[in-house]
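# Close look at the chain arrangement
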Amino acid sequence: YRILSIYELYIILAFSLCNGDAEAFSTDLLVGGPRCSGRVEVLHGKTWATVCDADFDQQDAEVVCRELGCGAPVEVLGTAAFGRGEGQVWTKELQCRGNESQIHLCPKSYTLKHDCSHDNDVGLVCADMVRLVDGSSRCAGRVEVLHRGQWGTVCDDDWDMRDAAVVCRELGCGEAVDAVGNAHFGPGSGPIWMNKVACSGSESTLKNCGSSGRVSDCQHAGVICSGVRLVGGPHCAGRVEVIHGKTWTTVCDADFDQQDAEVVCRELGCGPPVEVLGAAAFGRGEGQLWTEELQCRGNESDIYACPTSSTVKHDCSHDSDVGLVCADSVRLVDGGTRCAGRVEVLHRGQWGTVCVEGSSVIAAVVVCRQLGCGGILSATVSDTAGSGPIWMSQLTCSGSESTLKNCGSLGWGKHRCSHLDDAELICSGHKMPRLKDGPHLCSGRVEVLHGKTWSTVCDADFDQQDAEVVCRELGCGLPVEVLGAAAFGRGEGQLWTEELQCRGNESDIYSCPTSLVKKNCSHYRDVGLICSGYTAARLVNGWDSCSGRVELLYLSDWGSVCGDSWDMRAASVLCGQLKCGSAVAVLGVDWFGEGSDHIRADVFDCHGNETHLQLGCGSVLNFSSSSPSSPEQHSHICVIGFNCSGSEGHLGNCSSANLLNLSCSSREQLSITCSGISIRLVGSGGDCAGRLEVFLNGSWGTVCDDSWDIEDAQVVCRQLQCGVALSAHVPAWFGPGTGPIWLNEVQCEGRETSLWNCRYQSGGKHDCRHKEDVGVVCSGEVCSLQLTKGCEGNLEVFYNGTWGNVCVNGMNEETVNLICQELNCGRTGSESTSRAKLESSPNWLDQVKCRKHDSTLWHCPSDPWGHNKCDNGKEVAHITCSGRQILPGSCSGRLEVYHNAVWGSICDDQWDIRDAEVVCRQLGCGKALSANGSATFGAGEGVIWLNRVECRGDEIHLWDCSYSLKNHTDCSHKEDAGVTCAVGKSEMITTSRPLPQPATSPVVLLVLGVLLFLALVLLSGLVYQNRVLRKGRAHSHIIHSFRHLIS
């Protein structure tokens, strides 16, 4: 063997290299892996060569990891696990003993035993040189570094977010969320290897940062990294990726909801979620998809605290990678737009300010870039003092940081400032509109503030969509008219050199795309705009919220409306806008009282199908309060059209095509009545159950049951604010209605907020009769049922705010069994008659007859609520169930079932979230959070009754699922299954229903009956024969005796 010098032979890990040249070389080969892991390559002479996996073992790995300053080897990977290399394959075989400090000390064989290619390139995973311990995951905890084979801690002196960013990057743990000190994760032990760490933030490893070396005593530093990241978008937006081990994985959009988004945004230190986007909105990811489903409640601090389901229910690809937009963690406030104002940062859920003292202008550059607001125009002390904590001061940034939090500072909350020192910025993206020289704040010449300069806008570059955004941003309602040719006078100064290209749904003009103006414009073509100024409407002093005097909010002033120009079409639009159905009447003459002196006289020209009121005239040029000579008279001029030459100083100097002079008395203020809530439930005595009726074309009518199902009923209950639908009842269950049948073939998805958002047929065209009228029962009325003594007693239901009786008349076996099952009181029961506990209690239900397919009592046919001839002195249903009731609160723990008078556990083979869903539903414990196995809640004792449980997830009871029932000796209590439900916690979940026994076939019973009958016949024959024989013997004895006497 020949020993090579250190200058002849080096080794690299392609994801983690030792010098700058090697790093630049390898980065082109492999990108994105964590440090201390990668394909093994050796430098021989001036050539890098890969190593064959058949010629590399654990002892070689020990030496490689040691020489690179990494921890012990974690895994040796063959078959080009980190990608195929290029160039030569090393022609020697390492034969290390494992205790060498460097590979040039290892013996080598010059004869390879294997014929290798790059398909056999060996890879290696070493433990990191830095780790986070005593935290909630490998990405949070006390910082410890490996030096000379021994782990030690890091001192928190001068420890900041730049240092934390390096640690998180080195561990492949996403962005740094917080840099903590004061032994936040508890004190460590052993040496303190580093003190006064000074990273720039760009280092690849903590050891590359400057420090003052070992100290004997100080508080220990900690780091919180995000176990999740957003990729492919600006800060706080992008494709969601979750770290699994050391690999980043994407998340399926079908397995991610608003609660998961809340936690991800919080963990990343961003604001609340703005939007969850599916279908790879931020591009398709690479590599693995996460094989678990997050089931966050939304209040967790990080995703590691969220329950997960190990079984993903959807077959996903990278085309379904989920994306997320969170609000940013820095903002500019009180500056007019999002690109100007006082600097505030979000830390630990609270907004605070930034002190300008000692902070460089580079920090301002980072803020503007982070917000996507261009470059910096000015950085000063804020004119308006902030409030709350002062989070950051003495900011030192390099300019390369992606977020202000990655800049150096004195530390969170450490400062020598007051709010008089709060920082304020104006970024180049600061764009703000105004309306100048108009008769009121919501009309005038359009001008845009870009940076620090106001500019007018060319009329050829401004359309209706742009107008909608400007009116919205100014809080001026909807646009009425866009006017060209300097209708509000010619402006001064610059003309804006950009053209707005708004879609119309943006919140401000900054969000609109722009392009450079190609047209030649002058101030003679300055565009003008009239906005309605109306931002809200209400009805006051009426009988309810859907009737009263009409008042409109104009800017910040509420005023009444003159009734002269209003008709039913305009009133119907307003009723619809207020979600009050349709208009019933337009009333005048002070019907609901006199309003204020401010009376609006605008003309609303509506067709009746609009969603909001639209002004039919240009503008109100003059509206005055009461004059001394006529205290109840208000005069108004409403301009219907304009005829301007372009030279007028303002719109009032233009001639009008039609001036409508309005004179409005305070006694002519407009009042209207709307139909109110346009659906109702009638016939039950309560508001949340009954026959469904809708208000259309001025009258109430019913709904036909064609295509009607539980999803449609859910929407009705939601619209009426009556909870959830318990049933979509059988036709005319609450009695037939009268009048028109307005709707038919209703088809809701179940998520709509109003019945009118569903598909339906209307207009009275149908073949239905009132015996098909739909009825609905919502949970707002019927809350529960009970037996007065737990699992036996009088049956009572809570309806319309009162407990009442259920009568026994017509009750069948299916009904009794279903009631026991709903109450978790066994699978079967028996009924008898009883008297009511209280003579005054109502008899709510009678003739209840459940069917085999009914899953709840509320789905069963019965007489209408409260309509019966039941005698509560002797006809109240008394039910005795076969099982015991489950104690409330048992909503997480080891699952046990009651069978053959013995409690036993369930084996976790094939146990998944769908099985847990059924258990939680059966126990009334809400949504299943997780399906637990491996005796998570401790090992049980005794029998293991069930194994291989397979539920679809929509079953009402566990017993409706497929399972193996016996004393399972093939499963140990180390495999006991458990569940965690959304409501309550306990140590053990039990279900007291006896498990169903195999049913005896009717044919078998018949055969056994016939055999028993034949046996009885045979037995009877034998008995008769025996009697005859006895009689014969007796007769013979008598004759013999008689003969003996004669002789």
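For the structure, check the block above.
Residues numbered from 1 in each chain as written. Predicted model: local features only at pLDDT ≥ 70, side-chain atom pairs only at ≥ 80, totals over all residues. Heavy atoms only, no water.

## Quick notes on the overall build of the protein
Rule in force here: Only DSSP runs of H or I with at least four residues qualify as helices, and only runs of E with at least two residues qualify as strands; both kinds are numbered from the N terminus onward. For each residue, the accessible area found with a 1.4 Å probe, counting protein chains only, is set against the maximum for its type, and the residue is called buried under 20%, exposed over 50%, and partly exposed in between. Every accessible area reported is derived by Shrake-Rupley at a probe size of 1.4 Å, with residue values counting cover from the shown protein chains alone.
In terms of helices and strands, the protein carries 11 helices and 65 strands. Taking all 1047 residues of the protein together, 49% fall into the buried category. Entry remark: accessible area of the protein is about 48200 Å², with carbon and sulfur atoms responsible for 50%.

## Observations regarding the state of the cysteines
What we call a disulfide is simply a covalent bond connecting the sulfur atoms of a pair of cysteines. The condition is simple: Put simply, a disulfide is two cysteine sulfurs that come within 2.5 Å.
In total, this model carries 25 disulfides according to the counting rule given. One disulfide in the model links C65 with C126; its S-S distance is 2.0 Å. Here the disulfide of C65 and C126 is left-handed, its torsion about the S-S bond being about -80°. Here C65 is found in helix α2 (residues 58–67), whereas its partner C126 is found in strand β8 (residues 123–126), with 61 residues between them in sequence. Summarising the burial analysis for this pair, C65 and C126 share the class buried. Note that C168 is cross-linked by a disulfide to C225, the S-S spacing being 1.9 Å. Residues C168 and C225 are joined through a disulfide that is left-handed, its torsion about the S-S bond being -90°. One end of the pair, C168, is in helix α3 (residues 161–171); the other, C225, is in strand β14 (residues 222–225), and 57 residues separate them in sequence. A residue is classified by how much of its surface remains accessible, and C168, at 0% relative accessible area, is buried.

## Comments concerning helix α7 (residues 568–577)
Let me state the cut-off plainly: Working rule for contacts: check all heavy atoms of both residues, and any pair within 4.5 Å makes them a contact.
Considered for burial, the residues of α7 that qualify are A570, A571, V573, L574 and C575. Check the buried side of α7 and you find it contacts β35 (534–540), β36 (547–554), β38 (583–587) and β45 (671–674).

## Focus on the side chain of D459
For clarity, the cut-off: Here a polar contact is recorded for every N or O atom pair within 3.5 Å, except that within protein the pair must consist of a potential hydrogen donor and a potential acceptor, and residues adjacent in sequence are included only if both atoms are side-chain atoms.
Within the secondary structure layout, D459 lies in the loop between β30 (453–456) and α6 (464–473). A distance of 3.1 Å separates the side chain of D459 from the backbone nitrogen of A485, its partner in a polar contact. With residues up to four places along the chain from it excluded, the contact list for D459 reads G484, A485, R525 and V527.

## With respect to the pairing of strand β16 (residues 237–244)
What counts is decided by this rule: Each pair of strands is called paired provided DSSP finds at least two bridges between the two strands.
Of all eight residues making up β16, seven are buried, and the element is well covered by its neighbours. Bridge count for strand β15 (residues 228–232) against β16 is five bridges, and the pairing is antiparallel. Residue pairing across strands places R229 opposite E241, the latter belonging to β16. Counted along the chain from β15 to the antiparallel partner β16, the turn is four residues long, and its residue C236 has a positive phi close to 70°. Bridge count between β16 and strand β21 (residues 323–326): three bridges; the pairing is antiparallel.

## Some words on the side chain of E498
With respect to the helices and strands, the residue E498 is situated in strand β32 (residues 498–500). Of note is the side chain of E498, whose polar atom sits 3.0 Å from the side chain of T514.

## Examining the nonpolar core
Stated formally: Here the nonpolar core consists of buried residues drawn from Ala, Val, Leu, Ile, Met, Phe, Trp, Tyr and Cys, with membership extended through side-chain atoms lying within 4.5 Å.
Residues V154, W159, L206, V223 and L404 are the most contacted members of the largest nonpolar core, which totals 52 residues. Broken down by element, the residue count for this core peaks at seven residues, all from α3. If we skip the residues at most four places from it in the chain, L404 touches V330, V343, V345, V354, A363, V366, V367, Q370, M392, L395 and C397. Core analysis: the second largest hydrophobic core is formed by 30 residues, L726, L795, W844 and L857 among them.

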